[in-house]
Structures are given as structure tokens and as C-alpha cells.
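Given next are the chains, with one letter for each unit.
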Amino acid sequence: MNDHPLDRALALSHSDIQSGLFTGATSPDYWNMVGPFGGTTAALLLQAVMQHPERLGEPIALTVNYAAAVTEGALQVQAVPVRTNRSTQHWTLTLSQAGEDGKPQLNTTATVVTALRRQTWSTTDVSMPKVPAPADVAGMGTGPKGVAWVGQYDMRPISGGIPREWNDAGDHSETLVWVRDAVPRTLDFPALAAMSDVFYPRAWLRRARPVPAGTVSISTYFHGSAAELAQVGHGHLLGRATGQQFRNGFFDQTAQLWSEAGLLLATSHQIVYYKE
């Protein structure tokens, strides 16, 4: 097995007695204050589909709903192909852990769509922002104590970094950042799913106030093929994230991830809970 931190975090064993049932465990390398980094949880669920013997094609859509906190320790992922068509395959997934009474407790649900892509007319209406090259942008370093996952990424904020002053004077919610795995690793779909969630809560930037916040649901759409992701190698991705509506305890944020060559590889949208 590859000894990369992400591969260790995504390690799953397939059950010999039930198809689509996988066992794994949380990783301290991707810890985030009181639970695992949500991007890693999304990647783990997608990994179950990638390892399923009945998978058709490559991922085009992943939606993850964080129903309850994932706790430290062992977990189970159940991946079920609920419908297979000529070109698309639809999946439902659940992640569960033993509760205090020892009985399985559902923590996370997800849906995945995989598909056989065919060569067609293609274009994009979302232009990659013009930014300095990764080598010309300083890295942000490791995160605060207890947030191990930040150290697993080489993140180089171009604009919209974490506010230096929490003064309620924020006036926008856009962040531009170069990002890649800190330890070299060829890009694939689970890694891309995780990187779609590396952006800190947009409410922090828009308000310049670090209010408690957490993702409720995130959908990621994959536009690049496995071969195109592999061509990125260990190159940086340009990430752009913005908030849209902040109201009554919830806000949504949208994000895009481009390769250095300018190919839009993934877009995502999530709804986030926040409180005063």
C-alpha cells in the first residue's frame, strides 16, 4: 500500500460476506478540531465506490450529507449501486460507527453518480482567473493547534486569506488559493473530492468574525477524466471560493478548481451552518 497520508486515511477493506460493505478508520493526519476533515470523509465515501467491483465508469457527481459528527475510530461504509443504465450508474452510501451502546449509528449519507463519458462538443463559460504562478506565492504554513489536516496541504493564498483582524469589517467572500498535497501524490478523484472542501467558511471572511460553522451538505461535480487528473501529477490546483447568501444560520458557498494548465477539473457547492 502507498504510504501517503491520504492513502492511509482512505484505506478500506471490502467485506467477504457482503458486497459493497467496507471497513476503515478515521485518520489523525486529517483531524479537524473535534472530528475528521470533512473533505476526507467525502473522499472516503467516494473511495468505496472507486473500489466497488460493480462500478461503471468514472465519478461525475458526489453529494455528501453530514448527518452527525464522525468520531475517532473504526467506521463502516456501505456502497450500493441502486440503478445502472447504459451510460450512468447511481449510488447511495452510508457511513456508520458504533454508538455508546455499541449499536451502529449512521453519521453520514451520500449519493454518487458515475458515468461513461463520450467525446462531444465541449466548452466552458467559467474563465480561470489570472493569478501569479504558484512559485511566486508564499505558502500559508500549518494550521492552528488541533487542526492537523491543514498541514497535509501546500496552500498558497493569493487573495482572501484568513483575516488578520477579527473586526467585523469584512466586505467580500472570495478566496483565490493554489493548493496541492504537501506530500507528493498523483491527483485522482478522491483527492480532488477532498480538495473541494479545503476552503474555510465564507462567513469568516465576509464578516471578519470566526463564528462556529460547519458543512451540512456538499456537492462536487467532476469535469476532468481520470487521465486528465493524472496529467496534473503533483501540480497545484487553483481554487476559487465565494459565498452567495448568508441568512438565518445558514449560508452557501461555491468553488471551482482548475489545473495549472487552465482546465476546470471540478466545481462544488455546499450549504454551511453557522451561529452567533
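Use the structure listed above.
Calculation rules
- Residues numbered from 1 in each chain as written.
- Predicted model: local features only at pLDDT ≥ 70, side-chain atom pairs only at ≥ 80, totals over all residues.
- Heavy atoms only, no water.
- Helix = DSSP H or I, 4+ residues; strand = E, 2+ residues; numbered from the N terminus.
- Rg over C-alpha atoms; globule rule 2.2 N^0.38 Å.
- Buried < 20%, exposed > 50% of the residue type's maximum accessible area, 1.4 Å probe, protein only.
- Contact = heavy atoms within 4.5 Å.
- Core = buried A, V, L, I, M, F, W, Y, C linked by side-chain atoms within 4.5 Å.
- Pairing = 2+ DSSP bridges.
- Axes fitted to C-alpha atoms, helices over the stretch in contact; angles between N-to-C directions.
- Phe/Tyr/Trp six-rings, centres within 6.5 Å; stacked < 30°, edge-to-face > 60°.
- Lys NZ or Arg CZ within 6 Å of the ring centre and 35° of its normal.
- Salt bridge = Lys/Arg side-chain N within 4 Å of Asp/Glu carboxyl O.
- Patch = residues over 30% accessible without salt bridge, like charges linked within 9 Å, V, L, I, M, F, W, Y side chains within 5 Å.
- Areas by Shrake-Rupley, 256 points an atom, 1.4 Å probe, with all protein chains shown as cover.

**Student:** Would you mind going over the overall build of the chain with me for this structure?
**Tutor:** Counting its secondary structure elements, the chain contains five helices and 14 strands. The C-alpha radius of gyration of the chain comes to 18 Å, within 12% of the 19 Å expected for a compact globule of 276 residues. Across its three principal directions, the C-alpha atoms of the chain cover 55 × 50 × 35 Å. Going through the 276 residues of the chain one by one, you find that 48% of them count as buried. Across the chain, every contact between residues at least 6 apart in sequence was considered, and the portion connecting residues at least 24 apart equals 70%.

**Student:** I would appreciate a short explanation of the nonpolar core in the present structure.
**Tutor:** Grouped together as the largest cluster of nonpolar side chains are 53 residues, with contacts concentrated most on Val77, Leu93, Trp149, Tyr153, Leu187, Leu192 and Leu237. Of all the elements, helix α2 (residues 38–51) adds the most residues to this core, at eight residues. If sequence neighbours within four positions are ignored, tyrosine 153 has contacts with Tyr30, Phe37, Val179, Arg180, Asp181, Ala182, Ala194, Met195 and Val198.

**Student:** Before we go on, may I ask you to explain the pairing of strand β12 (residues 237–247) in this structure?
**Tutor:** Looking at chain direction, strand β10 (residues 175–181) and β12 are connected through five bridges and run antiparallel. Among the inter-strand pairings, valine 179 is bridged to a residue of β12, identified as leucine 237. Sheet analysis places β12 next to strand β13 (residues 250–259), joined by nine bridges and oriented antiparallel. Bridge pairing links arginine 247 to phenylalanine 250 in β13. Between the end of β12 and the start of β13, which pair antiparallel, lie two residues, with asparagine 248 showing a positive phi angle near 50 degrees.

**Student:** Whenever I open this one, the sheet that holds β13 confuses me. Can you help?
**Tutor:** Strand pairing in a sheet relies on backbone hydrogen bonds, with the paired strands running either antiparallel or parallel. On the basis of which strands lie adjacent, the open sheet formed by 12 strands has the order β1-β2-β6-β7-β8-β5-β11-β14-β13-β12-β10-β9 and antiparallel pairing. The open sheet has two free edges, formed respectively by β1 (13–14) and β9 (153–159), since each of these has just one partner strand. Each of β2 (21–25), β5 (58–66), β6 (74–84), β7 (88–98), β8 (104–115) and β11 (213–222) is contacted by α2, which is oriented at about 135 degrees to β5, the strand it contacts most.

**Student:** Even after reading the chapter, I still don't get the packing of aromatic side chains, so can you show me in this structure?
**Tutor:** Within this structure, the stated rule accounts for 10 aromatic pairs. Through a chain of ring-to-ring contacts, the aromatic side chains of Tyr30, Phe37, Trp149 and Tyr153 assemble into a single cluster. Between arginine 202 and the ring centre of tyrosine 200, over which it is positioned, the NZ or CZ distance is 4.6 Å.

**Student:** In this structure, what is going on with the environment of lysine 130? I would like to understand it.
**Tutor:** Summarising the element assignment, lysine 130 is placed in the loop between β8 and β9. In the structure, lysine 130 is positioned 84 residues away from glycine 214 in sequence and 30 Å away in space, judged by C-alpha atoms.

**Student:** Can you walk me through the pattern of salt bridges in this structure?
**Tutor:** Close approach of charged atoms lets side chains of opposite charge pair. In this structure the tally under the stated criterion is nine salt bridges. The shortest N-O distance in the salt bridge between arginine 8 and aspartate 3 comes to 3.2 Å. Relative accessible area serves as the criterion here: at 37%, arginine 8 is assigned to the partly exposed category. Among the salt bridges present, the one from arginine 156 reaches aspartate 154, with a minimum N-O distance of 3.1 Å.

**Student:** Just checking my understanding: could you explain unusual backbone geometry for this structure?
**Tutor:** Negative phi characterises most residues that are not glycine, and trans characterises most peptide bonds. The residue aspartate 168 is not glycine, and still its phi comes out positive at about 60 degrees. Along the chain, the position of aspartate 168 falls in the loop between β9 and β10. Owing to a relative accessible area of 45%, aspartate 168 belongs among the partly exposed residues under this scheme. Although it is not a glycine, alanine 208 sits at a positive phi angle of roughly 55 degrees. Secondary-structure assignment places alanine 208 in the loop between α4 (202–207) and β11.

**Student:** Can you help me understand the side chain of threonine 40 in this one?
**Tutor:** Of note, threonine 40 is situated in helix α2. Residue threonine 40 is classed as buried on the basis of its relative accessible area, which comes to 8%. If sequence neighbours within four positions are ignored, threonine 40 has contacts with Ala9, Leu10, Tyr30 and Ala194.

**Student:** Hey, could you run me through the side chain of aspartate 181 in this one?
**Tutor:** As for its position among the elements, aspartate 181 is in strand β10. The residues touching aspartate 181, leaving out its near neighbours within four places in the chain, are His4, Gln152, Tyr153, Asp154, Ala191, Met195 and His234.

**Student:** How should a nonpolar patch on the surface be read in this particular structure?
**Tutor:** On the surface, Val216, Phe250, Ile271 and Tyr273 cluster together into a nonpolar patch covering about 310 Å² of accessible area. Along the chain, valine 216 falls in strand β11.

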